[in-house]
Structure formats: structure tokens, C-alpha cells
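Fold and contact review
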Amino acid sequence: MGAMKFFSFLAVAMVLSLAHIQAQQGNWGDETVPYTMGPEKITKLRFYFHDIVTGNNPTAVQIAQATGTNSSSTLFGALFMIDDPLTEGPDPDSRLVGRAQGFYGSAGQNEAALILGMSLVFTGNEKFNGSTISVLSRNPVTHTEREFAIVGGTGYFQFARGFISAKTYSLVGPNAVVEYNCTIVHPSSVSESGKSNSSPGKSDSNSGSQISLGSNLVFVSVIAYVTIILSL
């Protein structure tokens, strides 16, 4: 009876221990750390956006449309995916400085207006290579000049905000060349307060694991001790 009682309590202890360990492992993303933003600065960029819908090598392709798109004067409901080149000058053969990747859709029933959702990916120089700014905005394409909102960024432009002044340079059928003047506000640097050896946004996961492991070992030891006492 003593042995059976011991093994019964031991089984209960193991189940409780596993449940405790699983509960400890389930606490993910529960640390919030303070950030220190460096002084903000403004970066201004000017380049040309080439939206090519026709020809042998289009950079904007229609991927969806609504039931009444073809009968709409504004092509309401049409959706296009884009991978448009960004160049230093208006000539499509001028130096490539990046690409506009994302989508735009015809969102106006009575006016030709697009909704833009795209990332401008820069490749023009070592300073900006791989960095992006994110654009989410309305584009009233019949207006010669318009503004787009910059809502974020990555790399050199982390935490970016700002706006783009866009001006149509040329329009041949549906193909457009648009001048973009970007005003980008972003911090000079970002650091995590109080953690000199950590990267921004990263917590010390090793110390957390060690604490969790230590608490689990203590819990198992207590359960085992109580089990042995009760089985005597």
C-alpha cells in the first residue's frame, strides 16, 4: 500500500509540475521596455515614379475588379499590384534609386481617385540601401499636384512619418511619370533605456529563461518532498 500510495502521489506531482512548466512557458511578449529617441531630423528626397501599365514589360498589373468596373467611368473597384521603378531623373533610363512595391485601387465612384498602399524601397546609395518608407494615402490622379502620407519606415527610416508632394511629370495613356518630393521626419537614433548591451526592442531572454528554469526546479523539488512525506 505504501508503494502504491507513493507512486500515486508521484504521478500527481508530475502532472502538476508539467502544468506549471507549461504555464511558465506560455508567458511570451510580456515585457515592455522604455525607449530613448534621439533628436529628430528631416531627410528630403526627390525622384521619379514610373507607373507602366501597357507594353511588353508592365510594372503595374490588374489583379482584380468589381462587377461594375468595366462600366464605370472611373474604373471603380479595379485593383493593381505594382513594382514600379524609382529613378533619379524623369527619363526611365536614368539611375535607378529604388522601387515602389505594393498596390493601388480605384476608390472613387465619381472622381478618378486611387487608394495607395506601398513601400518605397531604396537602393540608390549605401546610406539608404534596404531602407523603406511606407505610404498609405489617397491619390486624386487628375490633380496635377497632390500629397501622400508617410506612415512608417524601416532601416535608416525607422519610426518615420511625413508626406510626399507628388506632381505629374508626363502622362501617355495610362502610363505615368510622377515627380516625388519626400519630406521624411525620423529620429537620429533609437536606444533601449537601461540596457547598454541590448539591441533596441529586444529583452534579455536568457535571464528570463534562467529565472523560469529556477522556479520550475524549486516547484518540482517541493512537490517531490511533499510526495515522499505523505507516502511514509
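Just above, that's the structure.
About the thresholds
Residues numbered from 1 in each chain as written. Predicted model: local features only at pLDDT ≥ 70, side-chain atom pairs only at ≥ 80, totals over all residues. Heavy atoms only, no water. Helix = DSSP H or I, 4+ residues; strand = E, 2+ residues; numbered from the N terminus. Contact = heavy atoms within 4.5 Å. Areas by Shrake-Rupley, 256 points an atom, 1.4 Å probe, with all protein chains shown as cover. Core = buried A, V, L, I, M, F, W, Y, C linked by side-chain atoms within 4.5 Å. Buried < 20%, exposed > 50% of the residue type's maximum accessible area, 1.4 Å probe, protein only. Patch = residues over 30% accessible without salt bridge, like charges linked within 9 Å, V, L, I, M, F, W, Y side chains within 5 Å. Salt bridge = Lys/Arg side-chain N within 4 Å of Asp/Glu carboxyl O. Pairing = 2+ DSSP bridges. Phe/Tyr/Trp six-rings, centres within 6.5 Å; stacked < 30°, edge-to-face > 60°.

**Re the overall build of the chain**
Each helix and strand counted, the chain has two helices and 11 strands in total. When the helices and strands of the chain are placed in sequence order, the string is α-β-β-β-β-β-β-β-β-β-β-β-α. A separation of at least 24 residues holds for 53% of the contacts in the chain among residues at least 6 apart in sequence. Looking at the chain as shown, the accessible area adds up to about 14,100 Å², and 59% of this sits on carbon and sulfur atoms.

**Section: the nonpolar core**
Counting residues in each nonpolar core, the largest one holds 30 residues, and the members touching the most others are Phe-47, Met-118, Leu-120, Ile-133, Ile-164 and Tyr-180. Looking at this core, the elements that each hand over two or more residues are strand E2 (40-51), strand E4 (79-87), strand E5 (96-106), strand E6 (114-122), strand E7 (132-139), strand E8 (145-154), strand E9 (161-172) and strand E10 (175-187). Those residues in contact with Tyr-180, other than ones at most four positions away along the chain, are Leu-45, Arg-46, Phe-47, Phe-49, Met-118, Leu-120, Phe-148, Ile-164, Ser-165 and Ala-166.

**Section: a nonpolar patch on the surface**
A grouping of Val-61, Ile-63, Met-81 and Phe-103 is seen on the molecular surface, where their side chains present a nonpolar patch of about 330 Å² in accessible area. Along the chain, Ile-63 falls in strand E3 (residues 60-64). Since its relative accessible area comes to 47%, Ile-63 is described here as partly exposed.

**Brief notes about the side chain of Asn-139**
Along the polypeptide, Asn-139 turns up in strand E7. Asn-139 sits in the buried class, given a relative accessible area of 6%. Ignoring any residue separated from it by four or fewer positions in sequence, one finds Asn-139 in contact with Ala-112, Ala-113, Leu-114, Leu-116, Arg-146 and Phe-148.

**Topic: the pairing of E6**
Bridge count for E5 against E6 is nine bridges, and the pairing is antiparallel. The partner of Ala-100 across the bridge, within E6, is Leu-120. Sheet topology places E6 next to E7; eight bridges connect them, and they run antiparallel. Residue pairing across strands places Leu-116 opposite Ser-137, the latter belonging to E7.

**Things to note about the packing of aromatic side chains**
Per the stated rule, a full pass over the model turns up 10 aromatic pairs. Members of the aromatic cluster, connected to one another through ring pairs, are Phe-47, Phe-49, Phe-122, Phe-128, Phe-148, Tyr-156, Phe-157 and Tyr-180.

**Structural notes on unusual backbone geometry**
Most peptide bonds take the trans configuration, and most residues that are not glycine carry a negative phi. Here Leu-75, not a glycine, exhibits a phi torsion of approximately 55°, which is positive. Summarising the element assignment, Leu-75 is placed in the loop between E3 and E4. Even without a glycine there, the phi angle at Phe-159 is positive, about 65°. As for its placement among the helices and strands, Phe-159 is situated in the loop between E8 and E9. With relative accessibility at 44%, the residue Phe-159 sits in the partly exposed group.

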